[in-house]
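This is what each chain is made of:
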Amino acid sequence: MEVLFTAVWALLEPRMLLSLCAGILAGIVGGAIPGITITMTIILALPFTFGMPSLQGLATMIGVYVGGSAGGLISACLLGIPGTPSAIATTFDGFPMARKGQPGRAVWLGIWASCLGGLLAGIPLIIGATQLAYLALNFGPWEYFSLFILTLSIVASLAEQSLVKGLIASALGLLVTSFGTDPLMAIPRLTFGWEFLRMGFPFLPILIGVFGLSQIMSDLEKSGAHGGASGFGRDADMKVSHPAVIREILAQPVNLIRSTLVGLWIGILPAVGGSAANILAYDQAKKASRYPEKFGTGVSEGIVASESSNNANVGGSLITMMAFGIPGDAVTAVMLGALIIHGIQPGPTFVVSNTAIAYGMFAAYFLAHPLMVILEWLFLRFALRAVRLPQHILAPIVLVLCVIGSYALNNIIENVWTFFIFGVLGYLMVKTGFPLAPLILGVILGDLIETNYIRAVMTDSDWTQFFRRPWSGAMLALAVLSFCFSLRQRRRAAKRADAHPAAEGDVEF
């Protein structure tokens, strides 16, 4: 603890503090703009850190990582478009809550949950980094395959009204990932001779199109009934009682801690990412709720689960990077490169041989969370002014940002076409009652499921290994239980709806 407090004191030096704040602010802005991902923001910030001392440069990038993880909730809550993939589940309840006239409560529930979840995840980061990372290294392709099947089993929870439509949407998402080249053998498939399909459909333009363009089109369709006004009334503002918001989060300690642990564990596992963590945490919160049918209508439990898990995911990714030099995601891959550029080799001896740098990174991680809250408080007072613009002004601005975000991914026009194609598909799905979340879940998990299944079979053709290996078998069993539990909840919700037809909508099966 003495070394940690010394590192905190060093970071409070004005130059170090300014760099950390600049990184956090860059992350918030990059996370809030759909399509400008945390990875892209940290890549843009990387060259500015080359001339800095090692700790100052690493603190700046940790600031970008923490700020970006929380920044995605701003557009998720106010526009219904997740600013980052790790804010997908925040959209489910954050946007409905904001549209009910409580944008401040929606956003600040997310910000404070991000802060608390991140700080809680920092405890294992300091105490048990190496031990947790060793456990993660025991995972083979069998365990990863079973983990992704477990994640896919939450489709039953994400299917809003009709389970059949939810399963169809999920299957469509899995089908989308089969276009392009094989993830392991690089063999073209389902290209139909089109060069456009040779590289497959990139995830980010799909995400922006399905949530962004479909939301814009739906809002424009409804705006005629409101005289072209936005969905936020003049009486809606960002002012909230912060003690009341914090009490609301602390009143659900099980949800907060469970979601933090989910995000931490998913972060420790290499190459899984925050998009899976926040959806899985959201699903667990919904399953544990006494009123799961209210999820998706603007309940605080959904926002707390999603946001606490995605910032805890940051701590988990740092554990794997610092303990073994293995990047947990694309962001920590960039940070790993920065460590090497500064002449520091991460690995099992990193904390011992570079104590000052390691604890400085711990301190930067802890300091970044309260500083993120302060900077968002300064920034958010202007955010609602933007979303109060009339739809005929706001929609073109958001559309242009979505197109730029899609194009900037690889600087190719094909990504813009992908954005429009899946935007129209998302709009048609909304009009016909198909849920969007299972589609995105299928796109996220499709390549991961296929890759790890092929690796497992190539390693050992005995398919019973999926059940005989303890972790793999346990997760497959949990996947079955998860699906069955979701069905049970839906039946209970249907019975409740039959008992109170005026209060609840019907649930289809």
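Everything numeric in this text was worked out from a predicted model, so none of it was measured.

## Re helix α6 (residues 103–127)
Turning to step 1, where the next piece is worked out: Taking 1.5 Å of rise per residue, 25 residues should cover 36 Å, and α6 covers 37 Å from first to last C-alpha, within 8% of that figure.
Turning to step 2, where the next piece is worked out: Most of α6 sits out of view: 18 of its 25 residues are buried.

## Side note on unusual backbone geometry
Turning to step 1, where the next piece is worked out: Of note in the backbone geometry, L190 takes a positive phi value of approximately 50 degrees without being a glycine.
Turning to step 2, where the next piece is worked out: On the secondary structure map, L190 appears in the loop between β2 (188–189) and α11 (203–223).
Turning to step 3, where the next piece is worked out: The class of L190 is partly exposed, set by a relative accessible area of 38%.

## A closer look at the environment of F362
Turning to step 1, where the next piece is worked out: Mapped onto the elements of the fold, F362 is located in helix α18 (residues 355–380).
Turning to step 2, where the next piece is worked out: Beyond its immediate stretch of four places on either side in the chain, F362 contacts L4, L125, I126 and M322.

## Quick word on the packing of aromatic side chains
Turning to step 1, where the next piece is worked out: Going through the model one piece at a time under the given rule, you end up with 13 aromatic pairs.
Turning to step 2, where the next piece is worked out: Geometrically, the ring pair formed by Y282 and F295 is edge-to-face, given 5.5 Å between the ring centres and 75 degrees between the ring planes. Linking Y282 in helix α14 (residues 274–288) with F295 in the loop between α14 and α15 (300–324), this pair joins segments that are 13 residues apart in sequence.
Turning to step 3, where the next piece is worked out: For the pair Y453 and F466, a centre-to-centre distance of 5.9 Å together with 10 degrees between the ring planes defines the contact as stacked.

## Considering the nonpolar core
One recurring pattern in soluble globular proteins is that nonpolar side chains are buried together.
Turning to step 1, where the next piece is worked out: Membership of the largest hydrophobic core comes to 73 residues, with the highest contact counts inside it found for M335 and M361.
Turning to step 2, where the next piece is worked out: Of all the elements, α18 adds the most residues to this core, at 15 residues.
Turning to step 3, where the next piece is worked out: Excluding residues within four positions of it along the chain, M361 makes contact with L55, L58, I62, M321, M322, L339 and F350.
Turning to step 4, where the next piece is worked out: In terms of nonpolar packing, the next biggest core, distinct from the first, is built from 59 residues, F92, A285, F422 and F466 among them.

## Considering the environment of G173
Turning to step 1, where the next piece is worked out: Tracing the backbone through its elements, the reader meets G173 in helix α10 (residues 163–176).
Turning to step 2, where the next piece is worked out: Owing to a relative accessible area of 0%, G173 belongs among the buried residues under this scheme.
Turning to step 3, where the next piece is worked out: Here the alpha-carbon distance between G173 and P438, two residues 265 residues apart in the chain, equals 7.4 Å.
Turning to step 4, where the next piece is worked out: Sequence-distant contacts of G173, that is, excluding residues within four places in its chain, are made with L439, G442 and V443.

## With respect to the side chain of N278
Turning to step 1, where the next piece is worked out: Among the structural elements, N278 can be located in helix α14.
Turning to step 2, where the next piece is worked out: For N278, the side chain forms a polar contact with the main-chain nitrogen of A89, separated by 2.7 Å.
Turning to step 3, where the next piece is worked out: When residues no more than four places from it in sequence are discounted, the contact partners of N278 are P85, S86, A87, I88, A89, T90, S306, S309 and N310.

## Focus on the pattern of salt bridges
Turning to step 1, where the next piece is worked out: If you walk through the whole model with that rule in mind, you get seven salt bridges.
Turning to step 2, where the next piece is worked out: For R469, the salt bridge identified is with E143, shortest N-O distance 2.7 Å. Here E143 lies in helix α8 (residues 141–152) and R469 lies in the loop between α23 (465–468) and α24 (470–499), a separation of 326 residues in the sequence.
Turning to step 3, where the next piece is worked out: On the basis of relative accessible area, R469 is assigned to the partly exposed category, the value being 24%.
Turning to step 4, where the next piece is worked out: Of the charged contacts, one joins K287 and D283 as a salt bridge, the two residues approaching to 2.6 Å between their closest N and O atoms. Linking K287 with D283, this pair stays in helix α14, spanning four residues, or about one helical turn.
Turning to step 5, where the next piece is worked out: With a relative accessible area of 0%, D283 lands in the buried category.
Turning to step 6, where the next piece is worked out: What emerges from the salt-bridge pattern is a single network uniting D182, R189 and E450.

## Quick notes on the packing of helix α4 (residues 54–78) against α18
Turning to step 1, where the next piece is worked out: Taken N-terminus to C-terminus, the directions of α4 and α18 make an angle of 40 degrees; their axes are 8 Å apart at the nearest point. Taken together, the axes of α4 and α18 are oblique relative to one another. Of the two possible hands of crossing, α4 and α18 adopt the one that is right-handed. Where α4 abuts α18, its residues S54, L55, L58, A59, I62, V66, G67, A70 and I74 lie against I357, G360, M361, A364, Y365, A368, H369, M372, E376, F379 and L380.
Turning to step 2, where the next piece is worked out: Of the residues contributing to the contact of α4 with α18, the split by class is 15 nonpolar, four polar and one charged.

What counts and what doesn't
- Residues numbered from 1 in each chain as written.
- Predicted model: local features only at pLDDT ≥ 70, side-chain atom pairs only at ≥ 80, totals over all residues.
- Heavy atoms only, no water.
- Helix = DSSP H or I, 4+ residues; strand = E, 2+ residues; numbered from the N terminus.
- Expected span 1.5 Å × (residues − 1).
- Buried < 20%, exposed > 50% of the residue type's maximum accessible area, 1.4 Å probe, protein only.
- Contact = heavy atoms within 4.5 Å.
- Phe/Tyr/Trp six-rings, centres within 6.5 Å; stacked < 30°, edge-to-face > 60°.
- Core = buried A, V, L, I, M, F, W, Y, C linked by side-chain atoms within 4.5 Å.
- Polar contact = N/O pair within 3.5 Å; in protein donor to acceptor, adjacent residues only side chain to side chain.
- Salt bridge = Lys/Arg side-chain N within 4 Å of Asp/Glu carboxyl O.
- Axes fitted to C-alpha atoms, helices over the stretch in contact; angles between N-to-C directions.
- Parallel < 35°, antiparallel > 145°, perpendicular 65-115°, else oblique.
- Left-handed = near helix turned anticlockwise from the far one by under 90°.
- Nonpolar A, V, L, I, M, F, W, Y, C, P; charged D, E, K, R; others polar.

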